[in-house]
Amino acid sequence: MNRLGIESPRGLVAFAALTGCLVTMAVAALTGAGGVFAAAGLAGCGCELLLHRTAPGLMTRLGRLHMGATSRFEFRCVLLLLLLGRLHVTGPIGLAAAMTLVLCLLAGQALHAALTTLIRRRRALAVAARNIDLRRLDISDRPPRRLTEWPGQRILVYELSALLGLTASLTTGDARWVVAALTLAAGSSLITVVALVPYLVRATRRLPGAAEVLAEVDAWLIRHHPRTVLYFSGPRDRADQVTRWLGPVAALHTPSLVILRERELLEALEPTPLPVLCVPSAAHLSQLDLSGVRVALYPANTGRNIHLLRIPTMQHVFLAPGDGDETAAVDPYSKVYDQVWVAGEAGRRRYVRAAVGVEEADIVEIGRPQLDGLRVAGAGHAPAPTPTATPLPTVLYAPTRDLAAGEPIVRALLESERPVRLLYRPHPPTGHRSPEDHAAHRRIVALIQTANERRAAAALAVNALGKGTFAADALSADALAAEALGGDAVPPDAFGEEPDDARAPDTDDPHTDTPHTEALRAEAARHRAELTKRMAALDARLRRADADEAMLTRDRAAPDPALLTEAEGLRREWHQAHWAASPPWLHQVIEGDAPTLHSCFDQADLLIGDPSDVVGDFLATLKPYALTVPAGLDEEEFRRQNVMARAAYPLGPGASAMQNLLRPLFDPSLDELRTARREVKEFLLGPATPPSIQRFTDAVDALAEKGEAVVRLRDLHTASPPGAGRWSITR
């Protein structure tokens, strides 16, 4: 279904029904079965509306195949005229009138599409901006959405009107009903066309041209004088590469600017106080006055970087990716930059060893500023307040590839002797790259859902006894499930606790599953739902659906600190409410953007993954982690090839060593790699002090000073010698 763009079985049924309705209408038109034609047409309208809501991807694919809503509408109009000709209800004059009205309706639709396209193209400014004051450009409002959007739904209204008129004519035998309905549809179509004409005139005469827009942007650049530029070009799904650097750049002491090259990136960019400029055209970028910028930061190696790299008054810096990405580190393209910034000594050695033309003196270690806020094991960071503490260890499984190998890992975690809580968070593209990965992902999700159902049922049975702790409940849940499957039950003292019958229930114990605790969870769930609504409303204010790109450029002239603070506070509260609302024994599948990966890091006691940036970031927490060893690769060779594997617990194919891996979670004294993790962390991410954000800021300041010196030296060399007169050789 995904290949068709259909997201649900209901969408598939609607698509099949729509196809059947079109075939039925064609047969009815040829045979003159008016009632069948009208019934099939009305049913087809319902299917169209359902598909617009449930399978927008299918509608897009059909449009690319020239089978979109307009083409289907034209096909049904032809069938309607054919039916009217077969029925002889309208007579020659009525049939001619119907044909004329249908032609007017189709012409109105074509004119509407043309005007909408012209207005949209004319309103596309040379540059788009956020948090940059361009209000002097006098940008007008866009047409109302009801005039320009939802063409498929508008067509359905016209078709529904015609079908109702046909039904009335068939019932009464009076052709005036269908003619009146067609008149209403054609008139409505022409009215929308007339309503769009003033907006086209306004867009043509009043909207500023490229020269005027660029001049206003230059005036803003002169007033604000940004010293640092964060530059990015890439597809929308790579927006996280620039988003992760927004916070560190916003923390700089000097004015900064973000330059994007694709318009779609503006929509994907997270709210930021930084001024953002989107310049799609290389010619327009070359006309901007960026002579005051001293440092340009590039989070990605892309071909369009060359459009900014050619400016000689800047110091150009490549922000090298994390240590999970080896390909970018050995790219010879890296030598075009003045400096390459890496996290730690590992990045420096990798560039030197690759010998791609990057001088060691041009490699600067800045750490990972994005990781400064993570909770570090043993650093005294208290977890976020929750209704109860979580006695069960939490294992985060975050694969980035080969989900088929992850199925036995998940099964081993769910069936472990000592119960744990599993957070399954695959990397966003994982599960969509291949049908095999997608199928493995669905099987893993089914395993987790089944395990949660078993735990929930068993926990209810235990709580019905009126005593027990969360740890005991989860343990008893797994024990009862094992008994139900004919396995051996886990003894209740597996955690070193006394059996339930030897303990008196303690209502003051924070781990006791009491009605008060359940009420706290329910309240947290209600609070999370309320926060979700507030975040959606705030996002609607930040990304106004009624405004196009030109209006947002005009209206978002400056950042709103209160709005940004509110958004950050809501995100923080939402994460606290999310973890508080979930029972501490509940396994979770996390497929979207929330909870964030770093929030999962704070919850996890152990990470299982493959060599990637995810594991590299988790290193900052100093918590234990395990790496999956590829089949056919010896563990020693695996450690030799991957630096982060030297402080990892290896997990071979089939997850046969899972029980040994989980033991340090219950007895920290068995954690033999604590010292190794500190060493590998410093090697990969740099020292803990000074903080990474300070090293990043110092690196920017030092390079800006170097850039100023280079500019002064260049000005000195290009200046005319003193006393050079009319006959000077320099003239």
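Residues numbered from 1 in each chain as written. Predicted model: local features only at pLDDT ≥ 70, side-chain atom pairs only at ≥ 80, totals over all residues. Heavy atoms only, no water.

Draft legend 1. Representation of the overall build of the protein chain. Of regular secondary structure, the protein chain possesses 27 helices and 14 strands. Here the protein chain holds 731 residues, and 47% of them are scored as buried. By sequence separation, contacts in the protein chain at least 24 residues apart represent 70% of the contacts at least 6 residues apart. (Helix = DSSP H or I, 4+ residues; strand = E, 2+ residues; numbered from the N terminus. Buried < 20%, exposed > 50% of the residue type's maximum accessible area, 1.4 Å probe, protein only. Contact = heavy atoms within 4.5 Å.)

Draft legend 2. Spotlight on the packing of helix H7 (residues 151-172) against helix H8 (residues 176-205). H8 packs onto H7 with a crossing angle of 165° between their chain directions and a minimal axis gap of 7 Å. Looking at the two axes, H7 sits roughly antiparallel to H8. Judged by the twist between their axes, the crossing of H7 over H8 is right-handed. Across the interface between the two elements, Tyr158, Ser161, Ala162, Gly165, Leu166, Ala168, Ser169 and Thr172 of H7 pack against Trp177, Val178, Ala181, Leu182, Leu184, Ala185, Ser188, Ser189 and Thr192 of H8. Of the residues in the contact of H7 with H8, the class split is ten nonpolar, seven polar and no charged. (Axes fitted to C-alpha atoms, helices over the stretch in contact; angles between N-to-C directions. Parallel < 35°, antiparallel > 145°, perpendicular 65-115°, else oblique. Left-handed = near helix turned anticlockwise from the far one by under 90°. Nonpolar A, V, L, I, M, F, W, Y, C, P; charged D, E, K, R; others polar.)

Draft legend 3. Quick peek at the sheet that holds strand S3 (residues 256-260). The sheet built from eight strands is open, its strands ordered S1-S4-S3-S2-S5-S6-S7-S8 with mixed pairing. Among the strands making up the open sheet, the edge pair consists of strand S1 (128-130) and strand S8 (363-365). Averaged over all pairs of adjacent strands, the angle between their axes in this sheet comes to 25°, without regard to strand direction. Bridge count between strand S2 (residues 228-232) and strand S5 (residues 295-298): three bridges; the pairing is parallel. In the sheet register, Thr228 faces S5, and the bridge partner there is Val295. Strands in contact with helix H15 (residues 345-354) are strand S6 (315-319), strand S7 (339-342) and S8; relative to S8, the strand with the most contacts, it is inclined by about 165°. (Pairing = 2+ DSSP bridges.)

Draft legend 4. Representation of the pattern of salt bridges. Evaluation of the coordinates by the stated rule reveals 29 salt bridges. Note that Glu216 is salt-bridged to Arg136, the shortest N-O span being 3.0 Å. With Glu216 in helix H9 (residues 210-224) and Arg136 in the loop between S1 and helix H6 (145-148), the pair connects residues that are 80 residues apart, well separated along the chain. Taking the relative accessible area as the measure of exposure, Arg136 reaches 61% and is therefore exposed. As a salt-bridge pair, Arg571 and Glu568 come within 2.9 Å of each other at their nearest N and O atoms. With Arg571 and Glu568 both in helix H21 (residues 561-581) and three residues apart, this pair spans about one turn of that helix. Here the salt bridges do not stand alone but share partners, grouping Glu48, Arg72, Arg76 and Glu159 into one network. (Salt bridge = Lys/Arg side-chain N within 4 Å of Asp/Glu carboxyl O.)

Draft legend 5. Region of interest: the pairing of strand S10 (residues 421-424). Every second residue of S10 is oriented toward a common face, with Arg421 and Leu423 on one face and Leu422 and Tyr424 on the other, all of them buried. Sheet analysis places strand S9 (residues 394-397) next to S10, joined by four bridges and oriented parallel. Opposite Leu396, over in S10, you have Leu423 as the bridge partner. With helix H16 (residues 407-414) bridging S9 and its parallel neighbour S10, the resulting β-α-β unit is right-handed. Strand direction decides the pairing type here: S10 and strand S11 (residues 588-589), joined by two bridges, are parallel. By the bridge assignment, Tyr424 is partnered in S11 with Val589. (Right-handed = clockwise from strand over helix to strand, strands pointing away.)

Draft legend 6. The confidence of the model for the protein chain, seen in detail. Looking at the protein chain, the pLDDT average stands at 82 and 85% of residues meet or exceed 70. For residues 469-512, every residue scores under 50 in pLDDT, and the model assigns this stretch 63 contacts once sequence neighbours within four places are set aside. (pLDDT = per-residue confidence, 0-100.)

Draft legend 7. Region of the structure containing the nonpolar core. Counting 59 residues, the largest nonpolar core has Leu413, Ile608, Tyr625 and Met658 as the members making the most contacts within it. The element contributing the most residues to this core is helix H17 (residues 435-463), with six residues. When near neighbours in sequence (up to four residues on either side) are disregarded, Tyr625 contacts Leu606, Leu607, Val615, Phe618, Leu619, Met644, Ala647, Ala648, Tyr649, Arg677 and Val680. Core analysis: the next-biggest nonpolar cluster, separate from the first, contains 40 residues, Val213, Leu288, Ile311 and Ile363 among them. (Core = buried A, V, L, I, M, F, W, Y, C linked by side-chain atoms within 4.5 Å.)

Draft legend 8. Here's a closer look at a nonpolar patch on the surface. On the surface, a cluster of nonpolar side chains totalling about 240 Å² of accessible area is made up of Leu42, Leu160 and Leu164. Within the secondary structure layout, Leu164 lies in helix H7. Using a relative accessible area of 49% as the deciding quantity, one classes Leu164 as partly exposed. (Patch = residues over 30% accessible without salt bridge, like charges linked within 9 Å, V, L, I, M, F, W, Y side chains within 5 Å. Areas by Shrake-Rupley, 256 points an atom, 1.4 Å probe, with all protein chains shown as cover.)

Draft legend 9. Just the pairing of strand S13 (residues 625-628), in detail. Taken together, the three bridges between strand S12 (residues 606-609) and S13 define a ladder with parallel strand orientation. Of the residues in S13, the one forming a bridge with Gly609 is Leu627. Assessed by its sense of winding, the connection that carries the chain from S12 through helix H23 (residues 613-618) to S13 is right-handed. Note: S13 against strand S14 (residues 649-651), three bridges, orientation parallel. Bridge pairing links Thr628 to Leu651 in S14. Assessed by its sense of winding, the connection that carries the chain from S13 through helix H24 (residues 635-641) to S14 is right-handed.

Draft legend 10. Representation of helix H26 (residues 674-685) in the model. An ideal rise of 1.5 Å per residue puts 16 Å on twelve residues; H26 measures up with 16 Å between its terminal C-alpha atoms. All of the buried residues in H26 are Ala676, Arg677, Val680, Lys681, Leu684 and Leu685. Buried residues along H26 cover an arc of 135° about the axis, so they all sit on one side. Among the exposed residues of H26, those oriented more than 90 degrees off its buried face are Thr675 and Glu679. Its buried side turned inward, H26 meets H15, H23, S13, S14 and helix H27 (692-718). The positive-phi residue at the C-terminal boundary of H26 is Gly686, with phi of around 90°. (Expected span 1.5 Å × (residues − 1). Arc of directions from axis to C-beta.)

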